[in-house]
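Structural overview for review
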Amino acid sequence: MQTLATFLLDTDQQLSAASKNLFVHPNTVKYRLSKISERFGFPIGKMPETWDLFVLCGMLRLVKKANY
């Protein structure tokens, strides 16, 4: 979930920026996103398919922030 949220919300869907923010290799981010894509059945980052995940990540971040 953290990889997905970082990729979609924090780095404007930039693989290299997401890997730097997560302190992992870019191939790790690519692998994680491919696993998520397989599970959902569409490529992560392609709009409008990813829009619901984008909103979900934003909402989860707001809820998490409100609980602190």
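The present account deals with the structure reproduced in this document. This one's a predicted model, so the numbers in the text were calculated from it and none came from an experiment.

Okay, the overall build of the protein next. Secondary structure summary: the protein contains four helices and zero strands in total. The linear arrangement of helices and strands in the protein, starting from the amino end, is α-α-α-α. If one aligns the C-alpha atoms of the protein with their principal axes, the spans along those axes are about 35 × 25 × 20 Å. Looking at the 68 residues of the protein, the share that counts as buried comes to 28%. When contacts within the protein are restricted to residue pairs at least 6 apart in sequence, long-range pairs at least 24 apart make up 45% of them. Of the roughly 4900 Å² of accessible surface on the protein, 58% is carried by carbon and sulfur atoms. Counting 9 positive and 5 negative side-chain charges, the protein places the centres of these two groups 8 Å from one another.

So, about the nonpolar core. In a soluble, globular protein the nonpolar side chains are often hidden away together inside. Of all hydrophobic cores here, the largest spans 13 residues; its most connected members are L4, F7, L8, L33, I44 and L53. Among the secondary structure elements, those contributing two or more residues to this core are helix 1 (2-10), helix 2 (15-22), helix 3 (26-40) and helix 4 (51-66). Counting residues per element, this core draws most heavily on helix 1, which supplies four residues. When near neighbours in sequence (up to four residues on either side) are disregarded, F7 contacts D12, Q13, Q14, L15, A18, L33, I44 and G45.

A complete count under the given rule lists two aromatic pairs for this structure. Consider the rings of F40 and F42, whose centres lie 6.1 Å apart with planes at 35°: the pair is tilted. Using a relative accessible area of 45% as the deciding quantity, one classes F40 as partly exposed. Look at W51 and F54: their rings are 5.4 Å apart centre to centre, the planes differ by 20°, and that puts the pair in the stacked class. Residue W51 and its partner F54 are located together in helix 4, separated by three residues, close to a single helical turn. By relative accessible area, W51 is classed as partly exposed at 47%.

About the cut-offs
- Residues numbered from 1 in each chain as written.
- Predicted model: local features only at pLDDT ≥ 70, side-chain atom pairs only at ≥ 80, totals over all residues.
- Heavy atoms only, no water.
- Helix = DSSP H or I, 4+ residues; strand = E, 2+ residues; numbered from the N terminus.
- Buried < 20%, exposed > 50% of the residue type's maximum accessible area, 1.4 Å probe, protein only.
- Contact = heavy atoms within 4.5 Å.
- Areas by Shrake-Rupley, 256 points an atom, 1.4 Å probe, with all protein chains shown as cover.
- Lys, Arg positive; Asp, Glu negative; His and termini not counted.
- Charge placed at Lys NZ, Arg CZ, Asp CG, Glu CD.
- Core = buried A, V, L, I, M, F, W, Y, C linked by side-chain atoms within 4.5 Å.
- Phe/Tyr/Trp six-rings, centres within 6.5 Å; stacked < 30°, edge-to-face > 60°.

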